[in-house]
Amino acid sequence: MNRLKKCIDFQMKSMIKTTIIFICIYILVCAVLLLFISPSINGGFNSGFYIGCAVFIFVYVIAGYRENFNYLLMFSNTRKNIFFSSAVAFAAMSIFLAVVSILSIQLDGVLARLFEFGGNSHYGLITLMYNDSNMAAEFLWFTAFFILICSFSMLYSSLAYKLGKIFITFFWICFGISWVVLPAASGIDGASTFFNTLKAYFCVGVPNGILLAPVNFAITAVILGAVAYVISSRQSQTA
């Protein structure tokens, strides 16, 4: 238990430091952009912080996975402790960034009024997908979605750690091709089925969909996390 606590402390310190740096940089960029945006714009103002969070989480998890795993393993920590300490840190990061995302949405409205922007500053991804959104529901949605990204990133990282450049190259080639193939094939029955399945997964157009989608996210996160754990529990230390 003492070793697990030390692993969690190490993971949390690294996570907190990097997350605060990310938030500060994002705020600075938004502040600079505000200076160059004309107040006459009718589209309102939306910082899109939660989108930046999703990208940050994915990059943060995969960027530090190998280094943190090898560092903690070097000090005779078990793979189980390393995995669960990572899970705790990532869950805490997801909750924290969900809170900041909610605050950023409220701040967007304040800035829109302060700088006299037109339009609706609350017109964003969540309001586009769900008509019955509120702060509590959005917090639940963001938290579950960020945890889902963490689980996927941990699975990606464990596979990349085990399989190396072969998996990394294959994954990113498929990822890049998908951005071209899926939009181009949107009218094909197979692609339509894919998009309809994706819509159903996110519970778009369903009553209380913003509350039901996090259930799907949580179930998927548990499955991906379990697979990542099985893979990581058999990993050897690498350079």
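Bear in mind that the values here come from a model prediction, so they are computed numbers and not experimental data. (Residues numbered from 1 in each chain as written. Predicted model: local features only at pLDDT ≥ 70, side-chain atom pairs only at ≥ 80, totals over all residues. Heavy atoms only, no water.)

A.B. asks: Lay out the packing of helix H2 (residues 49-74) against helix H5 (residues 135-163) in plain terms, naming residues and giving numbers.
C.D. replies: Relative orientation and spacing of two packed helices are given, respectively, by the angle between their axes and the distance between those axes. Relative orientation of the contacting elements H2 and H5 amounts to 35°, with a least axis distance of 9 Å. Taken as a pair, H2 and H5 cross one another with a handedness that is right-handed. Its residues placed into classes, the contact of H2 with H5 shows 19 nonpolar, four polar and one charged. (Axes fitted to C-alpha atoms, helices over the stretch in contact; angles between N-to-C directions. Helix = DSSP H or I, 4+ residues; strand = E, 2+ residues; numbered from the N terminus. Left-handed = near helix turned anticlockwise from the far one by under 90°. Nonpolar A, V, L, I, M, F, W, Y, C, P; charged D, E, K, R; others polar.)

A.B. asks: Break down the nonpolar core for me, citing the residues and quoting the values.
C.D. replies: Counting 43 residues, the largest nonpolar core has Ile-57, Met-93, Leu-97, Trp-141, Phe-142, Phe-145 and Phe-146 as its most contacted members. Of all elements in the fold, only helix H1 (2-36), H2, helix H3 (79-114), helix H4 (125-129), H5 and helix H8 (209-232) reach the threshold of two or more residues within this core. Counting seven residues, the second largest nonpolar core, distinct from the first, contains Cys-7, Phe-69, Leu-72 and Leu-73. (Core = buried A, V, L, I, M, F, W, Y, C linked by side-chain atoms within 4.5 Å. Buried < 20%, exposed > 50% of the residue type's maximum accessible area, 1.4 Å probe, protein only.)

A.B. asks: Describe in detail the layout of surface pockets, supporting the description with residues and values.
C.D. replies: Empty pockets left among the atoms are what a rolling probe the size of a water molecule brings to light. Looking at the largest pocket, its volume works out to about 1,400 Å³. Lining the largest pocket we find 31 residues, and of these Phe-145, Phe-175, Trp-179, Leu-198 and Phe-202 sit closest to its centre. Mapped by element, the contributors of at least two residues to the lining of the largest pocket are H2, H4, H5, helix H6 (165-184), helix H7 (189-201) and H8. Considering only residue class, the lining of the largest pocket consists of 27 nonpolar, three polar and one charged. (1 Å grid on protein atoms, 1.4 Å probe; cavity = no way out; pocket = protein on both sides within 12 Å on 5 of 7 lines; lining within 4 Å. Points joined across faces, edges and corners; volume = space filled by probe spheres on them.)

A.B. asks: Requested: an account of the pattern of salt bridges, with residues and values cited.
C.D. replies: Taken as a whole and judged by the stated rule, the model has one salt bridge. With its nearest N and O atoms 3.3 Å apart, the salt bridge here joins Lys-5 to Asp-9. Placement of the pair is Lys-5 and Asp-9 together in helix H1, with a separation of four residues, close to one helical turn. Taking relative accessible area as the criterion, Asp-9 reaches 32% and is therefore assigned partly exposed. (Salt bridge = Lys/Arg side-chain N within 4 Å of Asp/Glu carboxyl O.)

A.B. asks: Can you tell me about H2, naming the residues and giving the values?
C.D. replies: Under the 1.5 Å per step criterion, the end-to-end length of H2 is 36 Å for 26 residues, consistent within 8% with the ideal 38 Å. A bend of about 45° at Tyr-65 is the largest found in H2. Looking one or two residues past H2, Ser-76 carries a phi angle of roughly 65°, positive in sign. (Expected span 1.5 Å × (residues − 1). Bend = angle between axes of the 7 residues up to and from the residue.)

A.B. asks: Describe H1, listing the residues and the values that go with them.
C.D. replies: Helix length check: H1 (35 residues) gives 52 Å between terminal C-alpha atoms against 51 Å at 1.5 Å per residue, within 8%. Within the span of H1, buried status applies to Leu-4, Cys-7, Ile-8, Gln-11, Met-15, Thr-19, Phe-22, Ile-23, Cys-30 and Leu-34. Of the surrounding secondary structure, the elements contacted by the buried residues of H1 are H2 and H3. (Contact = heavy atoms within 4.5 Å.)

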